[in-house]
Amino acid sequence: MSPQPYRREGASGRVLRFRFDGREYEGLEGDTLASALLANGVRAVASSIRFGRPRGVYAAGCEEPNALVQIEEPFPEPMLQATTVELYDGLVATGLPGQGRLADRPDPARYDAVHAHCDVLVVGAGPAGIAAAGVAARAGARVILADERPEPGGSLLGTAETLDGRPGREWAAEEVAALAALPEVRVLRRTTVLGHYDDNYVIAVERRTNHLGAQAPAGVARERVWRIRARRVVLATGGHERFVAFAGNDLPGVMLAGAARTYANHYRVLPGRRAVVFTTNDSAYAAALDLAGAGVEIAAIADVRQAPGEAWAARCAERGIEVLTGHVVTAAKGEGEVSSVEITARAGGGVREIPADLLLVSGGWTPVVHLFSQAGGTLRHDEELGAFTPGETRQAVEAAGFAKGVRTLRACLEDGAEAGRRALAAAGFTALSEIDVPTAGEEPAAAPAEHLWLVEADDYGTHFVDLQRDVTVAEVLRATGAGLTSVEHVKRYTTAGTAHDQGKTSGLLTGGVVAHALGVDVAELGTTTFRAPYTPVSFAALAGRDRGPLHDPVRVTAMHEWHVARGALFENVGQWKRPWYYAQPGEDMEAAVLRECRAAREDVAAMDASTLGKIDVVGPDAGVFLDRLYTNMMSTLKVGSIRYGVMCRPDGMVFDDGTVIRLADDRFLVTTTTGNAAAVLDWMEEWLQTEWPDLRVCCTSVTEQWATVALVGPRSREVLARLAPGLAVDNDSFPFMTWRDAEVAGIEARVCRISFSGELAYEINVSSWFGLALWEAVMASGEVTPYGTETMHVLRAEKGFPIVGQDTDGTVTPQDLGMEWIVSKKKADFVGKRSFARADTSRSDRKHLVGLLPEAPGVLLPEGAHLVETSALPESPVPTLGFVTSSYRSAALGRTFALALVSGGRERVGERLYAPVGDDLVPVTVTSHVLYDPEGARRDG
């Protein structure tokens, strides 16, 4: 192994080789790219976006503002933080000048998404989070524990603190391993919670390989989006250390004190050889002592306070560390990186310049309140902490541990356990009476912190408040000097807090500098808005698998597995997989469809109709709204009744059709075609939001909430009577186009007398949860034949029922379809009404829907075939009269037939036309579009 001058003795792990900025290096398994670079003495990692100044590693986690890198192999990933990139063998990366480069080739990796529900979601696997999850899990609640790091422990990973006499990281690992073994618990490592939305809907992204840039094993997604719905959420998100604005505070070698402590304890890496510590609080003393114990020479501690914690000062004295109270660092100096630190007494006096290659800064700690704020929580200013902490919230969420402002390790453990108890009680569980909270090591009494935002100077040109955006104190003062008094306005004027880190280290510091400039208190000034995502997320993860051939998601009904098991072949209808036909042994498609048709016409058959679009339309003005959208009246529909309706576009052309079911005076259920469900809902929302906002109506898609079985055929009444003995099914009690609530096969159902086949038929609707049970009960009730979409098409075409999108092409009016009766003459207006008065829509030579009978009854016309008048193949093109829209073989007619749109079709009934098919002209006779049972005698059985 090549020498790594900044690696502590005792470090172990498999050696990993990587390349950075064209040079070869070695690190250890468990390193991040940042810790591996520090171990190799690499100080400058990137350069700033505006000024091109060299920048080094500043933090140890997702709050890192400086060390942005681009992974080059195996697939380019831009704008990653070196502190969150897990090292792997063969990693190739480069430092970035503030911005990255997109790949010039498609990403071959897989991404996916999953939905999850739980009783308690705990965000953060630090001391408070582990305690909360433990209390909830041991009471039997379903718990999800999510943490952004590869291993649990949170702050324990970067300290030398002990719990129950053993290292804190060991306690955390054992506790989480025990939790993960419980069946009710799901532990999500490498999972960052990005957003917290209404009703405790939480979005998280899990990195499922060791790093975004690593090649994922076959079949494993690189990243997974978790969409979690939790009854209670506990936010144990900890805090971020903040820095202070002074000259040169951006040089490589300047680092947050807590981050340096983490590198020394967790990664066994020394971030420098000789350090100066600049602090406003006691936490930096613990960092200084840990680093001194690891081999870093601590040249001095500059404390802005006159009186630090006595115990800490005594420990430093034992180590021979000089503590300069009432001092500030006025400048970090060096060419390209820190080589010396300038210190000045606040009360006046000489300037000391101390040679050092490391400057550790602690300007205090800020609780991570991003998710709490996103959840609608209010914030309150904590004077002692000098930061904002969680206040009240309208959601079932609470903060725990340092995220709540709790300071000590012991207090964080106890607060986490209490948060777990409260979450359990709110979720309806009872916590165990005895809860073991581990014993923490002795913690010295803390002295009050002082909240210093900037070190005053004549020139603020290199006093940075936002390192990623290159925003200085000078720019903030320029903003306030221009009259800006809102921290939100200053943020936009300077861009402070708008980079990839979203102001995790700079947000409160910027507010502090603004408050200093305006002479107001930070509490009065407030904070900027915390928005999702908490950390950057790749577009590939958000897209998931919905790319290339998987761009459209596959939707299946509750009965899908039954259809698969019975050998159904499937047809793609919109995004749905619908059974096309059920072939029995020795049958081809033609034989199977003819058999299914005969069963529907002569016996009883059933179809899975769950995919039909269903929209709940609710509100006092629902009837008025539907009257305006449909060509016929809907407001006059009685409760318990059903009406077929057609929607048109403003040009009068048919847009969609379906049924409208009146459930109550102010509630309707609208059904649509399968493929048009989303478009119709969008259409409704567009009219409500842009044209008729005064209407009191709410529209909700309920397509997937209902499973529907269409029971069809002369024996359908007999089968339904057996399945629903409490339902009167005779024509008088249950007439056509009405609905009834009933128990069918012991399942609560809504049964509708609707027929899309012309036969006696019922549509049985149940909760999709019981869809399979209903279908199996129907199949077990007698010799019921399942049929698919092809048979449905044949049955409806025999009756002349058009399918929107197949028998229409966007140029067809209801009148063209022979449906003049559906266009109301009573209504003052509806969408498309005015267009029916146009000369073009009343021309006698418009294309009308007609039937076609080939003179040779066995000839099946191809759909899309054109129709001409000539009986001989012409040598030159001739005008087309129309085209075939649907063509089938019919068991009921004993022959083939077709539907077509033909110019002046109604006047051509009885005429002979010709369909060019290959080199032949197939003669056909034009008929009415209703070819079977034109009187409708079979509808009532």
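Look up a bit, the structure's there.
Residues numbered from 1 in each chain as written. Predicted model: local features only at pLDDT ≥ 70, side-chain atom pairs only at ≥ 80, totals over all residues. Heavy atoms only, no water.

1. Focus on the sheet that holds strand E2 (residues 23-28)
The test is simple: Two strands are counted as paired when DSSP detects at least two bridges linking them. Under the DSSP-based scheme used, a helix requires at least four consecutive residues in state H or I and a strand at least two consecutive residues in state E, with every element numbered from the N terminus. Interaxial angles span 0 to 180 degrees and are taken between N-to-C directions of axes, which are lines fitted to C-alpha atoms, for helices over the stretch in contact.
Spatial ordering of the open sheet is given by E2-E1-E7-E5-E6, a layout of 5 strands whose pairing is mixed. The open sheet terminates on both sides in strands that have one partner only, identified here as E2 and strand E6 (77-81). Geometrically, the sheet is characterised by an average inter-axis angle of 40° between neighbouring strands, direction not taken into account. Across 4 bridges, the pairing between strand E5 (residues 68-73) and strand E7 (residues 91-95) is antiparallel. Bridge pairing links valine 69 to glycine 95 in E7.

2. Describing the sheet that holds strand E45 (residues 866-867)
Pairing between the strands of a sheet is mediated by backbone hydrogen bonds and can be parallel or antiparallel. How we decide: When checking whether two residues touch, look at their non-hydrogen atoms; a contact exists if any pair is within 4.5 Å.
Overall, antiparallel pairing links the 6 strands, which are arranged E45-E46-E47-E44-E49-E48 in an open sheet. Either end of the sheet is taken by a strand with one partner, and the two such strands are E45 and strand E48 (912-917). With 6 bridges connecting them, E48 and strand E49 (residues 920-927) associate as antiparallel partners. Across the sheet, alanine 915 pairs through a bridge with valine 922, a residue of E49. Contacts from helix H20 (residues 789-798) reach strand E46 (882-890) and strand E47 (895-903), with the element oriented near 110° to E46.

3. Some details on the nonpolar core
Nonpolar side chains tend toward joint burial in soluble globular proteins. Going by this rule: What we call a nonpolar core is a set of buried Ala, Val, Leu, Ile, Met, Phe, Trp, Tyr and Cys residues that are connected through their side-chain atoms within 4.5 Å. Relative accessibility under 20% of the residue-type maximum defines a buried residue, over 50% an exposed one, and the middle range a partly exposed one, all with a 1.4 Å probe and only protein chains included.
Judged by nonpolar contacts, the single largest core of 106 residues is most densely connected at Leu33, Phe246, Phe278, Ile298 and Leu359. Ranked by residue count, the leading element in this core is helix H5 (residues 283-294), at 9 residues. With near-sequence residues (within four places) excluded, leucine 33 lies in contact with Phe18, Phe20, Val69, Ala82, Val85, Leu87, Leu91 and Ala93. Counting 34 residues, the second largest nonpolar core, distinct from the first, contains Met607, Ala761, Met792 and Val804.

4. Here's the deal with helix H3 (residues 168-180)
Filter applied, for reference: Helix span, as expected, comes to 1.5 Å for every residue beyond the first. In this context, the arc is that of the directions from the helix axis out to the C-beta atoms.
Here H3 is 13 residues long and its end C-alpha atoms lie 18 Å apart, about the 18 Å a rise of 1.5 Å per residue gives. Buried within H3 are the following residues: Gly168, Trp171, Ala172, Val176 and Leu179. Take H3 and look down its axis: the buried residues cluster within an arc of 120°, on one side only. Those residues of H3 that are buried lie in contact with helix H2 (127-137), strand E9 (143-146), strand E10 (162-163), strand E11 (166-167), strand E12 (185-188) and helix H8 (409-426).

5. Remarks on the packing of H2 against H3
How two helices pack is summed up by the angle between their axes together with the distance between the axes. Note the threshold: When an angle is under 35 degrees it counts as roughly parallel; over 145 it counts as roughly antiparallel; between 65 and 115 it counts as roughly perpendicular; any other value is oblique. We call a crossing left-handed when the near helix sits turned anticlockwise from the far one by less than a right angle, and right-handed when that turn is clockwise.
Relative orientation of the contacting elements H2 and H3 amounts to 30°, with a least axis distance of 10 Å. Considering the angle they form, H2 stands roughly parallel to H3. For the crossing formed where H2 meets H3, the hand is left-handed. The residues of H3 that touch H2, namely those facing Pro127, Ile130, Ala133, Gly134 and Ala137, are Trp171, Ala172, Glu175, Val176 and Leu179.

6. Considering the packing of helix H9 (residues 473-481) against helix H10 (residues 487-494)
Note the threshold: Following the grouping adopted for this structure description, the nonpolar residues are Ala, Val, Leu, Ile, Met, Phe, Trp, Tyr, Cys and Pro, the charged ones are Asp, Glu, Lys and Arg, and the polar ones are all others, Gly among them.
Interhelical geometry of H9 versus H10 gives an angle of 125° and a closest axis separation of 10 Å. It follows from the interaxial angle that H9 and H10 lie oblique. Relative to H10, the crossing made by H9 is right-handed. Only Val490, Tyr493 and Thr494 of H10 make contact with H9, whose side of the interface consists of Glu475, Val476, Arg478, Ala479 and Thr480. The residue makeup of the contact of H9 with H10, split by class, is 4 nonpolar, 2 polar and 2 charged.

7. Thoughts on the side chain of aspartate 501
For the record, the criterion: Only four residue types enter the tally: Lys and Arg on the positive side, Asp and Glu on the negative side, with His and both chain ends excluded. Take a side-chain nitrogen of Lys or Arg and a carboxyl oxygen of Asp or Glu: if they are within 4 Å of each other, that pair is a salt bridge.
On the secondary structure map, aspartate 501 appears in the loop between H10 and helix H11 (507-518). Of the side chains bearing the opposite charge, lysine 504 lies closest to the buried aspartate 501, which forms no salt bridge; the N-O distance is 6.7 Å. Residues within four places of aspartate 501 in sequence aside, it is in contact with Glu63, Glu64, Pro65 and Gln468.

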